[in-house]
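For reference, the chains in residue letters:
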Amino acid sequence: MLLEVNDLHVFYGRIEAIKGISFTVGEGEIVTLIGANGAGKTTTMRTISGVRPVAQGSIKFEGQDITKMAPHDRVKLGICQAPEGRGIFPGMTVRENLDMGTYVRGGNAAEKAADLEHVFHLFPRLQERITQLGGTLSGGEQQMLAIGRALMSRPRLLLLDEPSMGLAPMLIAQIFEIIKQINSEGISVLLVEQNATQALRTARRGYVLETGHVVKEGSGQLLLDDPAVRAAYLGG
């Protein structure tokens, strides 16, 4: 198993945001976490990235315990996140933002050039905007840049937090097609997404979070067909 989260508890001060959740992501899988605002999805992603400390439980990556590992060391292992809200550097160009994705990983110039070409193949718009400041891009272009920057780190597990937030329907469909393409290249994906229908159609498996607990799990299709999931998250 690539990622194993076991009995995870995470606090913000005295407030317990994550209350003993457990889940896995296998090699080559897309797995999604769905739930309402405040369910703990983003906190879970930040904890896997190492930004939030673990109060109890464990996180393993390829069998290695990374529960207390520093965030930059997790990136070196191949865990990289495109965060909620995109988190690009607005005063830096598209090219500079993408170069930041290689900062921890290192690598020679030829490898970085090849990775840049790969990102431009996935997102031709970024190549067109290569000298433009990140803060002047449209919302969709900023999302492409956030994912592209994460890919420059050569992830084995890509954490995507709300990639469709604020995007037009046509662009949402494009982003999800690109997620499938990234996965087809051998990168596992953990996806947090408010658009539960798209997420469950894209993912092999899913987990439903409510107030810090996993309340349901199963294949994407099983959850799509679940009446309770449909009523709560899929508009009927």
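Residues numbered from 1 in each chain as written. Predicted model: local features only at pLDDT ≥ 70, side-chain atom pairs only at ≥ 80, totals over all residues. Heavy atoms only, no water.

## Points about the overall build of the protein
- Helix and strand counts for the protein come out as 10 helices and 10 strands.
- In terms of overall dimensions, the protein is globule-like: its C-alpha atoms have a radius of gyration of 17 Å, near the 18 Å expected for 236 residues.
- Seen through its C-alpha atoms, the protein measures out along the principal axes to roughly 45 × 40 × 30 Å.
- The buried share of the protein, taken over its 236 residues, is 49%.
- For the protein, the proportion of contacts with a sequence separation of at least 24, taken over those separated by at least 6, is 67%.
- Surface accessibility of the protein: about 10500 Å² in total, with carbon and sulfur atoms responsible for 51%. (Helix = DSSP H or I, 4+ residues; strand = E, 2+ residues; numbered from the N terminus. Rg over C-alpha atoms; globule rule 2.2 N^0.38 Å. Buried < 20%, exposed > 50% of the residue type's maximum accessible area, 1.4 Å probe, protein only. Contact = heavy atoms within 4.5 Å. Areas by Shrake-Rupley, 256 points an atom, 1.4 Å probe, with all protein chains shown as cover.)

## Looking at the pairing of strand β10 (residues 213-219)
- In this structure, strand β9 (residues 205-210) lies alongside β10, joined through 6 bridges in antiparallel fashion. By the bridge assignment, Tyr 207 is partnered in β10 with Glu 217.
- Turn length for the β9-β10 hairpin, with the two strands adjacent in sequence and antiparallel, is 2 residues, and the turn residue Thr 211 shows positive phi of about 40 degrees. (Pairing = 2+ DSSP bridges.)

## Digging into the side chain of Ser 188
- Topologically, Ser 188 is positioned in strand β8 (residues 188-192).
- You can call Ser 188 buried: its relative accessible area is 0%.
- In terms of polar contacts, Ser 188 uses its side chain to reach the backbone carbonyl oxygen of Gly 26, at 3.2 Å.
- Residues contacting Ser 188, with those up to four places away along its chain left out, are Leu 2, Val 25, Gly 26, Glu 27, Gly 28, Glu 29, Arg 156, Leu 157, Leu 158 and Asn 183. (Polar contact = N/O pair within 3.5 Å; in protein donor to acceptor, adjacent residues only side chain to side chain.)

## Re the packing of helix α6 (residues 139-151) against helix α7 (residues 169-184)
- Running from N to C, α6 and α7 point in directions that differ by 10 degrees, and their axes come no closer than 11 Å. Judged on the interaxial angle alone, α7 and α6 are roughly parallel. Judged by residue contacts, Gly 140, Gln 143, Met 144, Ile 147 and Leu 151 of α6 engage Leu 171, Gln 174, Ile 175 and Ile 182 from α7.
- Looking at the contact of α6 with α7 residue by residue, the class counts come to 6 nonpolar, 3 polar and no charged. (Axes fitted to C-alpha atoms, helices over the stretch in contact; angles between N-to-C directions. Parallel < 35°, antiparallel > 145°, perpendicular 65-115°, else oblique. Nonpolar A, V, L, I, M, F, W, Y, C, P; charged D, E, K, R; others polar.)

## With respect to the sheet that holds β9
- Strand order in the open sheet formed by 6 strands is β6-β7-β8-β3-β9-β10, with mixed pairing between adjacent strands. Two strands in the sheet have a free side with no partner beyond their single neighbour: β6 (79-82) and β10. Pairwise comparison of adjacent strand axes, ignoring direction, gives a mean angle of 20 degrees for this sheet.
- Relative to β8, strand β7 (residues 157-161) runs parallel, the two sharing 5 bridges. When the sheet's bridge partners are listed, Leu 158 is paired in β8 with Val 189.

## Quick look at the pattern of salt bridges
- This model, assessed by the stated rule, comprises 13 salt bridges.
- Residue Lys 216 is joined to Asp 226 by a salt bridge in which the shortest nitrogen-to-oxygen separation is 3.3 Å. On the criterion of sequence distance, the pair formed by Lys 216 in strand β10 and Asp 226 in the loop between α9 (220-225) and α10 (227-233) is long-range, its members being 10 residues apart.
- Of the residues examined, Lys 216 reaches a relative accessible area of 29% and is grouped as partly exposed.
- Overall, the relative accessible area of 18% leaves Asp 226 in the buried class. (Salt bridge = Lys/Arg side-chain N within 4 Å of Asp/Glu carboxyl O.)

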